[in-house]
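Close look at the chain arrangement
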Amino acid sequence: MVQLSETTTELVSLLRIENSMPEVLQLLDQADSRYTRDLKVNVSNVLSSATMSEKETALLALAIAANQKNNSLIAGFRTLAEEKGATVEEQNEAISCASLLAGNNVFYRFRHFQQKESYNTMQAKIKMNIMMKPVLGKEFFELISLAVSAVNGCEMCVNAHEHSVREMGASEERVWDAIRLAAVVTSLDKIIN
């Protein structure tokens, strides 16, 4: 059994990944990395938001982990989401939202890059029924859509979802918190697999 520093132990506890210690995280721990301390603080800060409930932060983190295809983080954030009261349907929808948006981001990024009127007038013909009556509610579904689009770098989708979520009443602070959380989970994906 590997003996971990208090900081790393707290980080893996926050992430609910105690049973699967990533090799890179062990390496950072052995060097008493200042970055590990930063990660622990960053994770703690984004999971306790003034603008989102603990359940929402866990579900948003789950969606970003799914977008990154990171099984360790998916398992950890599913556990956290369950602890915070998220139903299986809510977890499935967060994951489904990430999948839907990954496809949409490719499609709309292509349209944006090409800037041809012919492509802008063609029908997408991509089914998106999940967006009609989301279990998570329209505003939170849009917030997840925005965060996934930001991670995937689709300017057109980021602008559309930010506008939509603000029209539904979300504050700029709520949007900011969601993007900060997406950024931190994306950074975790680089060292936790």
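Below is a summary of the structure that appears in this document. All figures in this text were calculated on a predicted structure; none of them were measured in a lab. (Residues numbered from 1 in each chain as written. Predicted model: local features only at pLDDT ≥ 70, side-chain atom pairs only at ≥ 80, totals over all residues. Heavy atoms only, no water.)

The phi dihedral of Lys69 falls on the positive side, at around 60°, and the residue is not glycine. Looking at the secondary structure, you find Lys69 in the loop between helix H4 (54–67) and helix H5 (71–83). With a phi close to 50°, Gln115 is a non-glycine residue in the positive phi region. (Helix = DSSP H or I, 4+ residues; strand = E, 2+ residues; numbered from the N terminus.)

Here the focus is the nonpolar core. In terms of nonpolar packing, the biggest core is built from 51 residues, with Phe77, Ile144 and Leu188 touching the most fellow members. At the level of elements, helix H1 (6–15), helix H2 (23–30), helix H3 (34–47), H4, H5, helix H6 (88–114), helix H8 (138–152) and helix H10 (172–189) are the ones that each hand at least two residues to this core. At 9 residues, the largest contribution of residues to this core is made by H4. With residues up to four places along the chain from it excluded, the contact list for Phe77 reads Leu15, Leu47, Ala58, Ala61, Leu62, Ala65, Val185 and Leu188. (Core = buried A, V, L, I, M, F, W, Y, C linked by side-chain atoms within 4.5 Å. Buried < 20%, exposed > 50% of the residue type's maximum accessible area, 1.4 Å probe, protein only. Contact = heavy atoms within 4.5 Å.)

Quick look at the pattern of salt bridges now. Summed over all chains, the structure comprises 11 salt bridges. Arg16 is the partner of Glu83 in a salt bridge, and the nearest nitrogen-oxygen pair spans 2.7 Å. Linking Glu83 in helix H5 with Arg16 in the loop between H1 and H2, this pair joins segments that are 67 residues apart in sequence. A residue is classified by how much of its surface remains accessible, and Glu83, at 46% relative accessible area, is partly exposed. Close ionic contact of Glu139 with Arg174 constitutes a salt bridge, the shortest N to O distance being 2.8 Å. With Glu139 in helix H8 and Arg174 in helix H10, this residue pair connects regions lying 35 residues apart in the sequence. We classify Arg174 as buried; its relative accessible area is 9%. (Salt bridge = Lys/Arg side-chain N within 4 Å of Asp/Glu carboxyl O.)

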